[in-house]
Every structure is written in C-alpha cells, then in structure tokens.
Amino acid sequence: MPPKNKKPQNQQHGSEDVPEPLQAVILTDNYDARFLPISHELPQCLMPLCNIPLIEYTLEVLAISDVRDVFIVSSTHSDKIKAYFDHSRWMERKGKLNIKLVSCPDAMSVGDALREMDARQLISNDFILTSGDLVSNIKLDKAIEAHRARKKTDKNAIMTMVVKEAARAHTSRPLEASSVFVLDPDSSQCLFYEPVEALPKKERIEFAPALFEHHQTIEIRNDLVDPRVDICSVEVPALFTENFDWQRLRRDFVHGIITSDILGKTIYTHPVAEAYIAHIQNERIYNTVSMHVLNRWAFPIVPETNLNPGDDYEFMRGNVYKASDVILSRSCLIDDNVQIGSGSGIGENTKVRRSIIGKNCQIGNNVTLDGVFLWDGVVIADNCTITQSILAQNVTILDHTNIDRGCIIANDVTIGPNVHISKYSRLSLHPQPKTSMFEDSDEEDDQDNDHHRVLTGDHTPVYFWTQLASDDDDMDERNLKLDTLAYDINDLVLEDHELSESASDVGESSDDDSDLASVGGAFNTDVDDAKKSEEFKKEIALTIERSLAEDHTVDTAALEITGLRMSSNGKYSDVREVLIPAVMNHIDLANPAASLKKVMMHWGPLIGKVVHKMEDQVHALTLLQKHCATNAALGKLFLSSLQILYNIDVIEEDAVMTWYSTSASKDGSAEELKLRERATKFIEWLNEAEEESEEDSDDDE
C-alpha cells in the first residue's frame, strides 16, 4: 500500500504539463455615462440584448473556456446583481463555473477595481479580464494556449489582448474612437498603442524610432477592434496597486507598461478573424449587435438556441423570431429582423420592422415600430409611432403618442396621450443628478432649467435628462454623441477647419499632409492615392451592400458612410462610384417598374446625401448613364431613374442640362450614347416647362 501523501504516478509526472484552470474577472461597470438614464437604475450587464441579459453572453464564453473561478466585480447596483444571481442557473452546485460576487462600492475606475482585487488577494493564477457586456461565439482556447506558451519563452509577458480583425467599415467598430496598434508581426508583441478619437481629426501618430532597435519589422494597424478581452498574469492587479494613478485599462495600464523602461514587462495581442466578438460599450453598438444576432452573424448565439430556461423561440423567414404563445392580429405586418418575446401581443394594422419586443408586451392597433427595443412589460396604446428608441421595462405609451429617433426611456415611465417626444430625449421618473458627470459647474445655472423639465399629465411626472458629458477633460464631447442611439451626424456641430467648404473636396491632399506622408515613407507605409482609393471603395461597398441587404434607414446608412469616409479621409466621388451602381443593382429586374420606384424612392435620398453641388450631381448622372449601359434591362430603366431623381429633388434641372451637354455624356460607348438619346425627350420637356414658366411670368407682369 503506497504512502497516503504520495500522489498517483500519472498526476505526479503530469502536473507540470496540465496547467490550472484560469480564473476570470468580469467588470460590470464601464465607469462612464452610457445608457443614461436607464443605467442610473439598472446595471448595464443586466440590460437585455435580444431578450437575454448581457452578462449571460459573457458567462457563455467563459463556460466553454478553461475557466473555473469567476469573480463578478461591481461598483454600482451590487444589490441588483446579487438579486439576479440568487436565482441564476449559474449558481447551481454542479455548475460549470464557480461564481463569486465581489462588491467594490468605492471603486471609481477599472484601476480601483483591480486594486481592490489585489488587496483582497482573490487572484491566485492567470485570469481572463473582461466586461459584463461581451457578446461573442469565440472559443478562447487558442488565445489561452498562446498566452501560456509565451510565458514560457518570455518571463516578462503579463497580458495578451484578444483583438478582432475588422474593416474600418465594420459596424461593430465605435465611431467615437479607434485604436492604433504597432505590433511585431512575428511575435504579435504590442510595441505601441494609442487611442485615436474621431474629433478633432488627428493628422499624425508619433512614436519613438527606438522601436526599431530591437524590431527590424513592425506592423502599424488600425483594423483591430478591441472587445476588452484580456488574458492576464497574476501580476496585473499588483501593478495597478504599485501605480496608484493608473485608472484606465488601455490609456493608463497598457500605455504605461509599453512605454516604461523600468517595469520591463511585455504585452501581446492575439488577433482573431473568424469569430464574432463585440463589446457593448455604447448605445449605437447595442443596436448594431442586436441586429447582428438576429441576422445570425454570431451563430450559434441566436435566439432559437434559447439560452434562458423556458424560452422557446422559433426561427422564421426574414430573420423573424417568435415565441410560441405570441398573439398576432391578422392585419399586423411583421417585417424582417424582428424578435417577439413570450406573452406579447400585437394589434390590428400595426407595423413592426427591425425591432426587438420583450416578454409580456402589449402593442395596440395602428402602431408603427421601426428600429425599436421594447423590454419586458411595455404597453403601447393605439395610434402610436416610435422610431429607433429604447423603452425599458414596464414603460407605458398612451394613445396618439409619437416618439422620435434616439430616445431612451427608463423603467416604469408613462407618456401620453397626444404627446410628441423629440429626438434624442432621455426620460426617467427620477430627476437627473447634478454632478460633474453630467454638467460643467460653470454652466450649472444655464442648464438648471433643463434639469427641471418635467412632462406632466395623467401619470407620474417624468423628468427630462440633458445630454451627457464626460469627466475626461481630454474628451471632445462630440465624440460621445457619435455613438449614442440613432444619432444623425448631420446634427453634429463641426468647426470650419474640420469640414471643407465642399464635401467633395474631403480627402484631397493638402500642404498639411506633407509631414504625415514623409513619416509614412520613412516607415515604408506610404501607399499611392489609387491604391488608397480602391481600398476605400471596397470598404464603402461592404457598408452599402449591408445597408441594402438589411434595409437600413437612409439616415443610418448615411451615418455609417460618413463615419467611414471621415475615418478613411475618403472622397465623396468614390462613394458615388460605389453607391449608384449598388442602388441600381438592387432593383428586381423580374418586376422592374414596381421595383424601380420602390428602390429609388427609398434609396434615392441617400444619393442626395452624397451630392452637394452642381459638379457632384453631374458626376452622379454620368455614373448612372455608364452603369445602366452595361445591362440592357437596366438601360430600359435609365430614363425613369433620371426622372425619379429629378422629382425627389436629388438632381436639379441645371445639373441635367449640364450633364446632357458635357463631353462625358457624348463620348461614351454606343450603349451610353443610346441612353443619352433616350434622355433627349426629358431634356425637351424641361426646356418646354421652362419656357412656359417664363411666359406665365411675363403674363403676370
């Protein structure tokens, strides 16, 4: 009989080869002012996405990884998080994860939270650090293996950042800022990191030439989305303790580690291409990821997998997901990309499009919902219209109420009847706190009236909240607006130096670009204008194709195009060269007449958003002529397309006349000349109409 203290032989020899399971730390607070006023009452990790609390997606990722102990760290709403997990399946004894709730009420930042974890000595080995709003189908096995392998060859390796490769046009990228990574292409070591805000526009990135002393080749990348998933060494919390001024994970910790000659630590990246991974860091991405899940981008994370016990969603044509006990009236219209939770009902002549409806919601007759998120228990009375807004739990909307785009309405609010809520409104039963998070003390008196705006009626008073601001003095507040819900970039106030007189001139070279070009040349990153243009067109094409396929609103599509154009320093002429053929190709040639009218009436205004002066309109008509000439069926639709664009005021009369007389319309192929000839009758009609108008004017005199 072997001694009792002697381990079995297979464990004794294999213990070094079998590493302990990782721990995980989930931060439930983002330490910013997103999703207000809802986040004032409910932790963001418990907000539903496709009718599932966000933290459930995070835990699913960890459950299929080599993780055992999970610490859920909260600074606010700890009581609500505890109440949720008291009845959670994850707390069962035989559960895959061993979950422990950690309350840190004094923590005001990521740094504070990790210092508290270090003080309590809760971290005993390598751990995964992430947020409570991660939505992903990724398996972290390869990233974990790579991290462990690096630690064997590099004793100073303390972190591996998992990053997602994505084109600049990818909708899961935040508009307010992007990140520039400088990497060693062989080892994926992160040599430099800098976040770049959208506004004001940054012309250059500067880093020390000393990078080349130990790295002959470097990669400069801005195509990486940071979902805030990090595999960390046990040393990371202690480093936060030693550096008490580090508050933010990327700007302070990562930047501090990389630039420190004293600490001597290294950080690596693990880029992934195929997996879906997104961090719900703001309202626009909440909307985007919700649609991605409905469109099955995150498969197998889709509604019919029924992550919540008791769910029974059925997948139907057009990406419609409906619980079995939903009651739909015969005359209601359910368009594509809709999810309807258990116990909900929809009345007569109601239209629902690109919306997610929670459990036990009751929607009346003659209601229009477009791009709306209704959480559990919402009631909407008859004859209401709601566009691109979030209505939290148990909100009631009374008859004949219209809610414009970008509104966020907190729990238990009642609005109406006969009320119009203007765009970007934020409503709550609680008055907005007067803290520096919400306003500058110098402007407190000026904004005092906004804090006391109250909506009254036959219901509990409802308070309007003002637009959020940031405590970060370095943050341009306009960047926060870019990623709020359904924000129209046309509402953004730009300074003269940030917007050229003609939008068509954006992207043109200037004297100021010379320094940037020389830096690019020095590091072998210079690309000629033609190549840049082609890359931009490819990304714009992906954006436009997705907008057409998912039937985005014109405003949403324009926002995405403008964001990509600004981040890429692209030209509107390149956008037109992609947009006009894409719109024409979207026409159903099996039913050309009806489809042409539908497509052009819907998407024609988007063309109008990329033409800003006479030359732009002439260019658009030239592109229309050339593309229609490539297909006989489209050629038959050229004149009708021209007339519709004229009728909806996208193209002006002078532009049509100028196009008709230009050499570009006369010197093309035989098919192009035929289309120009077909337009002759329209030109004659315009001339006759002008003459009649002049005659009427003379008669009046």
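Overview of the structure. Model, not experiment: these values are computed from the prediction. (Residues numbered from 1 in each chain as written. Predicted model: local features only at pLDDT ≥ 70, side-chain atom pairs only at ≥ 80, totals over all residues. Heavy atoms only, no water.)

Structural notes on the overall build of the protein chain
(1) Moving on: Tallying secondary structure elements over the protein chain gives 23 helices and 36 strands in all.
(2) Moving on: Buried residues in the protein chain amount to 52% of all 701 residues.
(3) Moving on: Sequence separation of 24 or more characterises 61% of the internal contacts of the protein chain that already satisfy a separation of 6 or more.
(4) Moving on: Total accessible area computed for the protein chain in this model is approximately 32,900 Å², and 47% of it derives from carbon and sulfur atoms. (Helix = DSSP H or I, 4+ residues; strand = E, 2+ residues; numbered from the N terminus. Buried < 20%, exposed > 50% of the residue type's maximum accessible area, 1.4 Å probe, protein only. Contact = heavy atoms within 4.5 Å. Areas by Shrake-Rupley, 256 points an atom, 1.4 Å probe, with all protein chains shown as cover.)

Points about the sheet that holds strand E20 (residues 345-346)
(1) Moving on: One open sheet holds the 6 strands; their spatial order is E17-E20-E23-E26-E29-E32, and the pairing between them is parallel. Strands with a single pairing partner mark the edges of an open sheet, and in this sheet they are strand E17 (327-328) and strand E32 (414-415).
(2) Moving on: In terms of strand pairing, strand E29 (residues 396-397) meets E32 through 2 bridges, oriented parallel. Counted as the bridge partner of Ile-397 is Ile-415 from E32. (Pairing = 2+ DSSP bridges.)

Things to note about the pattern of salt bridges
(1) Moving on: By the definition in use, this model includes 30 salt bridges.
(2) Moving on: Of the charged contacts in the structure, one is a salt bridge between Asp-66 and Arg-148, with a shortest N-O distance of 3.1 Å. Taken together, the positions of Asp-66 in the loop between helix H3 (54-63) and strand E4 (67-74) and Arg-148 in helix H6 (residues 141-153) put the pair 82 residues apart, joining distant regions of the chain.
(3) Moving on: The exposure class of Asp-66 is partly exposed, given its relative accessible area of 28%.
(4) Moving on: As a salt-bridge pair, Arg-221 and Glu-165 come within 3.2 Å of each other at their nearest N and O atoms. Taken as a pair, Arg-221 in strand E11 (residues 219-221) and Glu-165 in strand E8 (residues 157-165) lie far apart in primary sequence, 56 residues in all.
(5) Moving on: Residue class for Glu-165 comes out partly exposed when judged on its relative accessible area of 30%. (Salt bridge = Lys/Arg side-chain N within 4 Å of Asp/Glu carboxyl O.)

Structural notes on the sheet that holds strand E16 (residues 320-322)
(1) Moving on: Spatial ordering of the open sheet is given by E15-E16-E19-E22-E25-E28-E31-E34-E36-E35, a layout of 10 strands whose pairing is mixed. Two strands bound the open sheet, and with one partner strand each, they are strand E15 (314-316) and strand E35 (454-457).
(2) Moving on: As defined by bridge partners, strand E19 (residues 338-340) adjoins strand E22 (residues 355-357) across 3 bridges and the pair is classed as parallel. Its bridge partner lying in E22, Ile-340 is registered against Ile-357.

Focus on the packing of aromatic side chains
How two aromatic rings sit relative to each other is set out by the distance from centre to centre and by the angle between their planes.
(1) Moving on: Under the counting rule described, the total for this entry stands at 14 aromatic pairs.
(2) Moving on: Pairing Phe-682 with Trp-685 gives two aromatic rings, centres 5.9 Å apart and planes at 15 degrees, and the pair type is stacked. Of this pair, Phe-682 and Trp-685 are both found in helix H23 (residues 680-700), 3 residues apart, which corresponds to roughly one turn of the helix.
(3) Moving on: Among the residues examined, Phe-682 registers a relative accessible area of 5% and is labelled buried.
(4) Moving on: Its relative accessible area of 46% is what places Trp-685 among the partly exposed residues.
(5) Moving on: In this structure, Arg-296 is placed above the aromatic ring of Phe-315, and the distance from its NZ or CZ to the ring centre is 4.0 Å.
(6) Moving on: The positively charged end of Arg-676 is found above the aromatic ring belonging to Tyr-660, 3.9 Å away from the centroid. (Phe/Tyr/Trp six-rings, centres within 6.5 Å; stacked < 30°, edge-to-face > 60°. Lys NZ or Arg CZ within 6 Å of the ring centre and 35° of its normal.)

A few points about H3
(1) Moving on: With respect to burial, H3 is a largely interior element, 10 of its 10 residues being buried.
(2) Moving on: Restricting attention to buried positions, one finds in H3 the residues Leu-54, Ile-55, Glu-56, Tyr-57, Thr-58, Leu-59, Glu-60, Val-61, Leu-62 and Ala-63.

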